[in-house]
Amino acid sequence: MLLHIPAVLSKAEVAQFRSLLAQSNWTDGRATVGPQGALVKHNRQLPVDSPLARELGALILQRLYQHPQFLSAALPLRTVPPLFNAYSGGEHYGLHVDGAVRILPGSTLSLRTDVSSTLFLSEPEEYDGGELQVIDTYGEHQVKLPAGDLILYPSTSLHQVLPVTRGERVCSFFWSQSQIRDDAKRALLYSFDQQIQSLRQQLGDSSEVLALTGHYHNLLRMWAEL
């Protein structure tokens, strides 16, 4: 499931993020990938242990864990603290698949990457190129969203960031382990939940809506891995 989630951050919050990030020391993005990824990754990142990355990442997660659409779509069990990257002057990240397991910084805990997220911090008109291209069974999807908006997609997807030929593309990115490992089941539960919410607005908590809500939670109970 490829899903656009708007307005995770307000425009004022984006402006604050960009002001702080502009004063930061960026490092070579290849520091956080293996040998295969290093061959195709050409960008800059904030260091994983950067206090600013931790501060801004905590605010992003606070917003997301209050966002009904993200919670419904990702059904997150745990999430890697958000990272931050920047592309300019032809920088890009070639075709790759995200690693299946990440270690949570500062711990011995590992996380299975089920859902990948990219939060855009640059407006589309600020740069040329830089589209996130996600390839799935339905073809190629090019994503370039307004600042503050997020794209969510399965971590199993082959994807790349196309070269930025003008301006600068700044984003945050991170991974979540979902309560539901299988993307098709997550997509079904998301659609089910959205229909229930729509019916609830029309009918209130009718007996039919309550019954459908019960079916949703029973499916979640049956499939959840906790």
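In this numbering scheme, every chain counts its residues from 1 along its sequence in written order. Thresholds applied to this predicted model are a pLDDT of at least 70 for local features of residues and 80 or more for the giving and counting of side-chain atom pairs; totals over whole chains, interfaces and linings are not thresholded and use all residues. For side-chain calculations, the full set of non-hydrogen atoms in the structure is used, while hydrogens and water are omitted.

Labelled according to an unreviewed UniProt entry, the protein chain appears under the name Fe2+-dependent dioxygenase, originating from Rheinheimera tilapiae.

**Comments concerning the packing of aromatic side chains**
Aromatic ring pairs: the centre-centre distance and the angle between the two ring planes describe each pair. Only the six-membered ring of Trp is used, alongside the rings of Phe and Tyr, when aromatic pairs are assigned; centres must lie within 6.5 Å, and planes under 30 degrees apart are stacked while those over 60 apart are edge-to-face, with the rest tilted. Within this structure, the stated rule accounts for 3 aromatic pairs. Summarising the aromatic geometry, the rings of Tyr-65 and Phe-70 are spaced 6.3 Å apart at their centres and angled 55° between planes, so their arrangement reads as tilted. Relative accessible area decides the class of each residue, using a 1.4 Å probe on protein chains only: under 20% of the type maximum gives buried, over 50% gives exposed, and in between gives partly exposed. Classification of Phe-70 as buried rests on a relative accessible area of 0%. On the basis of an interplanar angle of 90° and a centroid distance of 5.7 Å, the ring pair of Phe-173 and Trp-175 is categorised as edge-to-face. Trp-175 carries the same exposure label as Phe-173, and that label is buried. Lysine NZ or arginine CZ positioned within 6 Å of the ring centre and within 35 degrees of the ring normal marks a charge as sitting over the ring. It is Lys-144 that lies over the ring of Tyr-127; its NZ or CZ is 4.3 Å from the centre.

**Brief notes about the pairing of strand 14 (residues 150–154)**
For helices the rule is a DSSP run of H or I covering at least 4 residues; for strands it is a run of E covering at least 2, with both sets numbered from the N terminus onward. Of all 5 residues that make up strand 14, 5 are buried, and the element is covered over most of its length. Burial along strand 14 is two-sided: the residues Leu-150, Leu-152 and Pro-154 and Ile-151 and Tyr-153 are all buried. Sheet topology places strand 1 (residues 3–5) next to strand 14; 3 bridges connect them, and they run antiparallel. Directly across from Ile-5, in strand 14, lies its bridge partner Leu-150. A pair of strands is considered paired only if DSSP assigns at least 2 bridges between the two. Looking at chain direction, strand 10 (residues 115–120) and strand 14 are connected through 5 bridges and run antiparallel. In the strand pairing of strand 14, Ser-117 is matched with Leu-152.

**As for unusual backbone geometry**
Positive phi, close to 55°, is recorded for Ala-7, a residue that is not glycine. If you trace the backbone, Ala-7 turns up in the loop between strand 1 and helix 1 (11–22). Of note in the backbone geometry, Leu-75 takes a positive phi value of approximately 45° without being a glycine. What makes Leu-75 buried here is its relative accessible area of 7%.

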